[in-house]
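# Commentary on secondary and tertiary structure
Read off the chains here:
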Amino acid sequence: MALREDLSQALAVMSRAKDTQLALDENGWGQIPVAMPDTLVKLSNGQLIVEVVLSKTAKYFTLLTPLAVLKEQPSAAFYEALFYRQFYADQVNGAGFGVSAGGNNDRLVALYHWPLAAITPEQFGGLFQNFVMAALGLINELSEMSRQEPAVVLVHPAGD
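Quick summary incoming for the structure in this document. Keep in mind that what you see is a predicted model, and the values were worked out from it rather than measured. (Residues numbered from 1 in each chain as written. Predicted model: local features only at pLDDT ≥ 70, side-chain atom pairs only at ≥ 80, totals over all residues. Heavy atoms only, no water.)

Let's shift gears to the overall build of the chain. Of the regular secondary structure elements, the chain holds 3 helices and 6 strands. When the helices and strands of the chain are placed in sequence order, the string is α-β-β-β-α-β-β-α-β. For the chain, whose C-alpha radius of gyration is 16 Å, the value lies close to the compact-globule estimate of 15 Å for 160 residues. Counting only C-alpha atoms, the chain reaches 45 × 35 × 35 Å along its principal axes. Taken across its 160 residues, the chain has 42% of its residues classed as buried. The long-range share in the chain, meaning contacts at least 24 apart out of those at least 6 apart in sequence, stands at 56%. Total accessible area on the chain stands at roughly 8,900 Å², and carbon and sulfur atoms take up 54% of it. On the chain, the mean spot of the 10 positive side-chain charges and the mean spot of the 16 negative ones are 2 Å from each other. (Helix = DSSP H or I, 4+ residues; strand = E, 2+ residues; numbered from the N terminus. Rg over C-alpha atoms; globule rule 2.2 N^0.38 Å. Buried < 20%, exposed > 50% of the residue type's maximum accessible area, 1.4 Å probe, protein only. Contact = heavy atoms within 4.5 Å. Areas by Shrake-Rupley, 256 points an atom, 1.4 Å probe, with all protein chains shown as cover. Lys, Arg positive; Asp, Glu negative; His and termini not counted. Charge placed at Lys NZ, Arg CZ, Asp CG, Glu CD.)

Okay, here's the thing in structure tokens:
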């Protein structure tokens with residue numbers, strides 16, 4: 001089974017559990033909103049938006065969530081801190097940071113890449129849960145780091 005079909009199956013299983021319709025579009029992109037009560041964590045609009053992106057070759061997929069908008073070029077020290085932080089998987093719960101071009105400003109995102117040719121719905125569910133937990137930790141870390149970096153505009157400033 002191709003990875004696209006595996007993802008479609010995993011999203012269908014997740015759709016039934018969340019009582020919503022989750023699917024990849026024709027470009028291999030989808031969104032999964034994760035509601036979070038303010039008593040647990042403060043997020044913009046009370047939810048974390050996780051994007052599922054199938055690579056153009058359909059050999060890989062990525063889970064990502066926006067953390068910040070870069071309104072200008074952050075300092076070299078800020079990027080250095082990000083790179084050093086993500087070098088050790090335990091420090092970031094296996095997640096990484098990435099910068100993507102988007103509109104007028106770049107986005108700083110948390111991401112996981114899935115490098116295998118297949119995934120079961122159960123594996124996807126576990127990966128997704130781990131990614132959400134990692135992203136929440138990175139939101140808190142970035143909140144601290146952004147205090148010294150005015151170029152970084154947090155997506156979830158309520159996490160301060």
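Considering all chains together, one arrives at 3 salt bridges under this definition. Between Glu51 and Arg107 there is a salt bridge, with its nearest N and O atoms 3.0 Å apart. Here the residue Glu51 occupies a position in strand β2 (residues 47–54), and Arg107 occupies one in strand β5 (residues 106–114), the gap between them amounting to 56 residues. We classify Glu51 as buried; its relative accessible area is 8%. The class of Arg107 is partly exposed, set by a relative accessible area of 24%. (Salt bridge = Lys/Arg side-chain N within 4 Å of Asp/Glu carboxyl O.)

With that settled, consider the nonpolar core. With 46 residues, the main nonpolar core has Ile32, Phe61, Leu63, Phe124 and Phe128 as its most contacted residues. For this core, the secondary-structure elements that each account for two or more residues are α1 (3–18), β1 (29–35), β2, β3 (61–70), α2 (76–87), β5, α3 (121–146) and β6 (152–154). Apart from the residues within four sequence positions on either side, Phe128 is in contact with Met14, Ile32, Val34, Val50 and Leu63. (Core = buried A, V, L, I, M, F, W, Y, C linked by side-chain atoms within 4.5 Å.)

This part covers the pairing of β5. As defined by bridge partners, β3 adjoins β5 across 9 bridges and the pair is classed as antiparallel. Its bridge partner lying in β5, Leu63 is registered against Tyr112. Sheet topology places strand β4 (residues 96–100) next to β5; 5 bridges connect them, and they run antiparallel. Following the sheet pairing, Gly98 is matched in β5 by Val109. Between β4 and β5, which pair antiparallel one after the other, the connecting turn spans 5 residues, and Gly103 there sits at a positive phi close to 60°. (Pairing = 2+ DSSP bridges.)

Relative placement of two packed helices is described by the angle separating their axes and the distance separating the axes. Between α2 and α3, the shortest axis-to-axis distance is 11 Å and the interhelical angle comes to 155°. By the angle class used here, α2 and α3 are roughly antiparallel. Viewed along their axes, α2 and α3 form a crossing whose handedness is right-handed. Judged by residue contacts, Phe78, Ala81, Leu82 and Arg85 of α2 engage Glu141, Leu142 and Met145 from α3. Looking at the contact of α2 with α3 residue by residue, the class counts come to 5 nonpolar, no polar and 2 charged. (Axes fitted to C-alpha atoms, helices over the stretch in contact; angles between N-to-C directions. Parallel < 35°, antiparallel > 145°, perpendicular 65-115°, else oblique. Left-handed = near helix turned anticlockwise from the far one by under 90°. Nonpolar A, V, L, I, M, F, W, Y, C, P; charged D, E, K, R; others polar.)

What follows is about the side chain of Ser15. The topology assignment puts Ser15 in helix α1. Those residues in contact with Ser15, other than ones at most four positions away along the chain, are Thr20, Gln21 and Leu22.

Attention now goes to the packing of α1 against α3. With their axes 9 Å apart at the nearest point, α1 and α3 run at an angle of 70° to one another. When the interaxial angle is binned, α1 and α3 end up roughly perpendicular. Between α1, through Leu7, Gln9, Ala10, Leu11, Val13 and Met14, and α3, the contact on the second element is made entirely by Pro121, Phe124 and Phe128. Across the contact of α1 with α3, the residue classes break down as 8 nonpolar, 1 polar and no charged.

Any functional reading would require information that these geometric values do not contain.
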